[in-house]
Amino acid sequence: METDWCEINWGKNNEMKKNLRKLQLKNPAVEHLHILVIGPVGSGKSSFVQSVKSIFKNRMVNTACTVAAGDRCFTHAFTTNQFEDERGSILPFVISDVMGLGKDSGVQASDIINSLSGHIKEGYTFNPVRPCSEKDTGYNSCPTVNDKVHCLVFILPIDSVTGSGHLDNNLIGMMQNIRQNACDLSEKLTR
Ligand SMILES: Nc1nc2c(ncn2[C@@H]2O[C@H](COP(=O)(O)OP(=O)(O)O)[C@@H](O)[C@H]2O)c(=O)[nH]1
Ligand SMILES: [Mg+2]
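Residues numbered from 1 in each chain as written. Chains lettered and ligands numbered in written order. Predicted model: local features only at pLDDT ≥ 70, side-chain atom pairs only at ≥ 80, totals over all residues. Heavy atoms only, no water.

- The name given to the chain in an unreviewed UniProt entry is Interferon-induced protein 44-like, and the organism recorded there is Alosa alosa.

**Overview of the overall build of the chain**
Line of reasoning, step 1. Helix and strand counts for the chain come out as 4 helices and 4 strands.
Line of reasoning, step 2. Taking as baseline every contact in the chain between residues at least 6 positions apart, the subset at least 24 positions apart corresponds to 62%.
Line of reasoning, step 3. When the accessible area of the chain is evaluated, it comes to approximately 11,800 Å², of which 53% is carbon and sulfur surface. (Helix = DSSP H or I, 4+ residues; strand = E, 2+ residues; numbered from the N terminus. Contact = heavy atoms within 4.5 Å. Areas by Shrake-Rupley, 256 points an atom, 1.4 Å probe, with all protein chains shown as cover.)

**Quick look at the pattern of salt bridges**
Line of reasoning, step 1. Tallying each qualifying case throughout the model produces 6 salt bridges.
Line of reasoning, step 2. Two residues, Lys 18 and Glu 15, come together in a salt bridge whose shortest N-O distance is 3.8 Å. Separated by 3 residues within a single helix, Lys 18 and Glu 15 lie in helix H1 (residues 15-22), roughly one turn from each other.
Line of reasoning, step 3. Judged by relative accessible area, which is 33%, Lys 18 ranks as partly exposed.
Line of reasoning, step 4. One salt-bridge network, in which partners are shared between bridges, spans Arg 21, Asp 85, Glu 86 and Arg 87. (Salt bridge = Lys/Arg side-chain N within 4 Å of Asp/Glu carboxyl O. Buried < 20%, exposed > 50% of the residue type's maximum accessible area, 1.4 Å probe, protein only.)

**Some words on helix H3 (residues 109-116)**
Line of reasoning, step 1. Most of H3 is tucked away, with 7 of its 8 residues classed as buried.
Line of reasoning, step 2. Residues of H3 that are buried include every one of Ala 109, Asp 111, Ile 112, Ile 113, Asn 114, Ser 115 and Leu 116, and no others.
Line of reasoning, step 3. Positive backbone phi, at 85°, marks Gly 118, one or two positions downstream of H3.

**Description of the side chain of Asn 140**
Line of reasoning, step 1. For Asn 140, the location among the structural elements is in the loop between H3 and strand S4 (151-154).
Line of reasoning, step 2. Looking at Asn 140, its side chain comes within polar contact range of the side chain of Asp 147, at 3.2 Å. (Polar contact = N/O pair within 3.5 Å; in protein donor to acceptor, adjacent residues only side chain to side chain.)

**Focus: helix H2 (residues 45-57)**
Line of reasoning, step 1. End to end, H2 covers 19 Å across 13 residues, agreeing with the expected 18 Å (1.5 Å per residue, within 8%).
Line of reasoning, step 2. Listing the buried residues of H2 in full gives Lys 45, Ser 46, Val 49, Gln 50, Val 52, Ser 54 and Phe 56.
Line of reasoning, step 3. Of the surrounding elements, those touching the buried residues of H2 are H1, strand S1 (33-38), strand S2 (79-84) and strand S3 (90-97).
Line of reasoning, step 4. A positive backbone phi angle near 60° is found at Asn 58, which sits one or two residues after H2. (Expected span 1.5 Å × (residues − 1).)

**Points about unusual backbone geometry**
Line of reasoning, step 1. One non-glycine residue, Asn 58, lies in the positive phi region at around 60°.
Line of reasoning, step 2. Note that Asn 58 resides in the loop between H2 and S2.
Line of reasoning, step 3. The exposure class of Asn 58 is partly exposed, given its relative accessible area of 35%.

**A short note on the nonpolar core**
Line of reasoning, step 1. Leu 36, Ile 38, Val 98, Leu 101, Ile 112 and Phe 126 are the most contacted members of the largest nonpolar core, which totals 22 residues.
Line of reasoning, step 2. When residues of this core are traced back to their parent elements, those giving at least two are S1, H3 and helix H4 (169-190).
Line of reasoning, step 3. Those residues in contact with Leu 101 that sit more than four places away from it in its chain are Ile 38, Gly 39, Pro 40, Val 41, Gly 106, Val 107, Ile 112, Leu 171, Met 174, Met 175 and Ile 178. (Core = buried A, V, L, I, M, F, W, Y, C linked by side-chain atoms within 4.5 Å.)

**Things to note about the layout of surface pockets**
Line of reasoning, step 1. Empty space within the largest pocket amounts to approximately 540 Å³.
Line of reasoning, step 2. Every residue lining the largest pocket is counted, 21 residues in all, and those nearest its centre are Val 149, His 150, Leu 185, Ser 186 and Leu 189.
Line of reasoning, step 3. When residues of the lining of the largest pocket are assigned to their parent elements, the largest contribution, 7 residues, is made by H4.
Line of reasoning, step 4. Split by residue class, the lining of the largest pocket holds 13 nonpolar, 5 polar and 3 charged. (1 Å grid on protein atoms, 1.4 Å probe; cavity = no way out; pocket = protein on both sides within 12 Å on 5 of 7 lines; lining within 4 Å. Points joined across faces, edges and corners; volume = space filled by probe spheres on them. Nonpolar A, V, L, I, M, F, W, Y, C, P; charged D, E, K, R; others polar.)

**Overview of the pairing of S3**
Line of reasoning, step 1. Burial analysis of S3 places 7 of its 8 residues in the buried class, the great majority of the element.
Line of reasoning, step 2. Examined bridge by bridge, S1 and S3 share 5 bridges and lie parallel to one another. If you follow Val 37 over to S3, its bridge partner there is Asp 97.
Line of reasoning, step 3. Sheet topology places S2 next to S3; 5 bridges connect them, and they run antiparallel. Bridge pairing in S3 links Thr 79 to Asp 97.
Line of reasoning, step 4. Between the antiparallel neighbours S2 and S3 lie 5 residues, among them Gly 88 with a positive phi of about 90°. (Pairing = 2+ DSSP bridges.)

This is the structure:
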């Protein structure tokens, strides 16, 4: 685009950054709001996390080793990112990044559903052909409220929903299954 499509002040006084810094959680046992980003390989999950880091640091944070090349997924492990502002203060939210979704080649729906309930330990390496089970050392059988995911975000490449590309039916099915499970978990929590 020749001109910006909207004006954004990314500087120190940005309203959105201020609000996110001040975010207050109602439950005192919750140390941080836990956000999980999921989507197909190459949809921009890791880049989004790096962008959030850069925005709060007011400078570009190194992105070289986390971003996928072509359709190969770089992120294989369950990785939770904390964020600091330019003064080194820790922000009240974390974002977990996972391997891209995909039948046989990416993380499976059951692994994501286990991640939502806090059953996947930090650093667990996903196996595309065998989902994590209770017997695995990477399985957390007693998740705390901080291990659980409080907010699920789907990231999709825009060309897959605007016509020039397409979303695989298997992937749509997986996303519907994950969304339904997330809704059921959220209902259980609020009941
Ligand atoms: N055009 C465009 N490319 C992006 C965007 N976000 C990420 N990318 C590129 O898409 C590729 C995959 O990004 P990555 O963050 O590794 O995707 P992930 O597999 O979902 O973690 C990289 O080459 C990025 O530079 C975006 O918002 N727009
Ligand atoms: Mg990634």
